[in-house]
Structure formats: C-alpha cells, structure tokens
Amino acid sequence: VGFLAALGNAVAAGVALAVHARWREGRDVAWAPLVHAAAAWLVLLGLALGYGAWRIRALPTGAADFEVALVQGNVEAQLRWQRSTASRVVRRYGRMTQELLRASAAERGLPDLVVWPENAIQTPPDDPIHGRALASLATHAPLLLGAPRSHTADGRRHSFNSVFLLERGGVRDHYDKRRLLPFSETHPLGRLASFGERGDLDAGEYTPGSRAALFAVGEQRIAPLVCMEALYPALVREAARSGATLVANLSNDGWFAGRGGAEQHLAMVRFRAIEVRRPVVRSTTTGISALIAPDGEIVARLGSGEQGALRAKLPAAPSGLTFYART
C-alpha cells in the first residue's frame, strides 16, 4: 500500500513537472516514461484491489465463541497520576465493570474477557488499598488492565508501563511495554526537553520491557501491546508467529489535542489486523475503543469523549500465517 501511494504520487509529480516544462518553458518532454509509469501504477493498483477482494471473500464468516468487553472510563486528565484521586479512578472503572457484569449475567452470560485501557489505574494491581477489589472483579471474568509496575535491581528502582492479566486468585501474568514514547516515558535530552512529572504517582523515567508476552485465556492466545507499540508492524508479526490468535492494544490517547490523532491512531492499528489477519481489541482511556475484525473492519467502537462499555464477540480468525507474517 505504501509503495502504491508513493508510485501514484511520483507519477502525478512527474506529469505536473512535464506540463510545466512543455507549456511554461517551451521545452520538449519525453512522455513515454510517464505513460509507462502510469500504466504500471494502474495495473498494480488493479492487482492489489483484486487480490484484496478475493482475500476478503475467502475469510471465514461469523464469530468465534469468545466474547470481549471493553471498558472506557473517559477519565479526566487532572485525575490521573495523582495519589489523592487514585481511588476515585479505580472506583469509576470498578463501578462500570460491576454494572457490565450484572447486566451480562442477567442477559446472556458473562464475557470471556474484560479489558481496561493503558494506565487505567495508577497503582499496581496488588496495591493493598485496591488489590482486593480488583481481585474480586477478576473472579467473575478475567481482567486485562494497564497499570504501573516496579522492582529494584542493581541498586536502583525500575519502573515499567505494564499490562496485567488478573484471574481468580490475583495476577497471573504481566507484560512490560518495550517501545517507550520519547519525551514522555523516556527523556533522551534530559532536562532540556522535559515536560515535568504528570503527578506524584508518575515515575517520570521508565525502563523498557525485555520480552514479548502471550496470555492464555480459554482457547485464545492474547498478545498485549501498549499504546503506540501497535504502530510497529514487526511487533504484531512477532506475535502472530508466536501463535497469537488475538491482539490487545491498551492505549491512552487522552493527550491528543482534538480527535484527529485518535482517529489516525485507530486507522494505523487497523493495518496491524489486516497484515496478520488477527482480530484486534483496542481499549483506550478517552476513546477510540474498538473491536477490529481480521480484515480491518471495525465491528464496534466507542468514540472520543464517551464513557461506557463495549461488548461483542470476536470475529473468527483464519488459521495459519499470512504471507506477510511468514516472510
């Protein structure tokens, strides 16, 4: 797709320059190379569209027997990273999840997985104040959530932006974000380009994770990716080759000005689903949360600024690896 866009732009630029040279400067122009390039672009574009239509028809239809619920708290920026408001944020997500689980139990049964966004809570899930309440929620359905993690090694404290899987009994597994965001989670220029701490719970400087993760929930193998890690095709390809059947992108897009950034982030994440033909669940703090089918179609979504829960069955994923994932 990137090559086709570049070639189309190159042809358009070549035509514009040729027209300028011929009619504004009176110079002779060799049109044959431009005609050949335009013809090649049209042929390649037709092949890509035809291949896409064929592959979409070949994808399995229907939904897998696995239901996911996404919770979007729409937490105000001023409430995040503050110890004084941490309990308030946890209560909001807890209340919304309890309402979701009660309604689910009354209507069609509990979901197979509940997903909260990146940094949904600003304290570790085993925090003595909130840990018991979180463990109680996870007894009804497995809970995937973003939270900080830290440990001390080599005489210094390391902080991580992490994803935790909670099930009955507490934390079962975790994943530490590997691709950190410059000037927010790392400070490559030190104090010269530091925006300061976001609150008294903000670690400021984070340590990148050292390994990929694959969480087993029922028959699903879930690859967690945090925020803009989903913009790296290599990470999703790695997950597919490791046996992932589902990609979970936990994100915080609340720092974007306006809604354009969140829409663009979602559009990029759709490409990850298409490249490896795996469904993607995307849970964000302020939107846009979405369930994305293996062909990139958005099955359901919660828009920017909305507070609520989204529940849907996963679209069926084809077996095997795509050409992109293999090579």
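Residues numbered from 1 in each chain as written. Predicted model: local features only at pLDDT ≥ 70, side-chain atom pairs only at ≥ 80, totals over all residues. Heavy atoms only, no water.

A. Region of the structure containing the packing of aromatic side chains. All told, the structure shown has two aromatic pairs when counted by the stated rule. Residues Y51 and W54 carry aromatic rings whose centres are separated by 5.8 Å and whose planes lie at 50° to one another, so their mutual orientation is tilted. On the criterion of helical spacing, the pair formed by Y51 and W54 is a turn pair, its members being three residues apart in helix 2 (residues 32-58). Among the residues examined, W54 registers a relative accessible area of 47% and is labelled partly exposed. Relative to W116, the ring of Y93 lies with its centre 5.2 Å away and its plane at 35°, an arrangement referred to as tilted. Here the residue Y93 occupies a position in helix 3 (residues 86-107), and W116 occupies one in the loop between strand 2 (113-115) and helix 4 (131-138), the gap between them amounting to 23 residues. With respect to class, Y93 is no different from W116; both count as buried. Over the ring of F160 we find R149; its NZ or CZ atom is 4.5 Å from the centre of that ring. We note R179 situated over the ring of Y232; from NZ or CZ to the ring centre the distance is 4.3 Å. (Phe/Tyr/Trp six-rings, centres within 6.5 Å; stacked < 30°, edge-to-face > 60°. Helix = DSSP H or I, 4+ residues; strand = E, 2+ residues; numbered from the N terminus. Buried < 20%, exposed > 50% of the residue type's maximum accessible area, 1.4 Å probe, protein only. Lys NZ or Arg CZ within 6 Å of the ring centre and 35° of its normal.)

B. The environment of E275, seen in detail. Checked against the element boundaries, E275 lands in helix 6 (residues 260-276). Here the alpha-carbon distance between E275 and Y324, two residues 49 residues apart in the chain, equals 6.4 Å. For E275, the side chain forms a polar contact with the side chain of R272, separated by 2.9 Å. (Polar contact = N/O pair within 3.5 Å; in protein donor to acceptor, adjacent residues only side chain to side chain.)

Interpretation in functional terms is not warranted from these geometric data alone.
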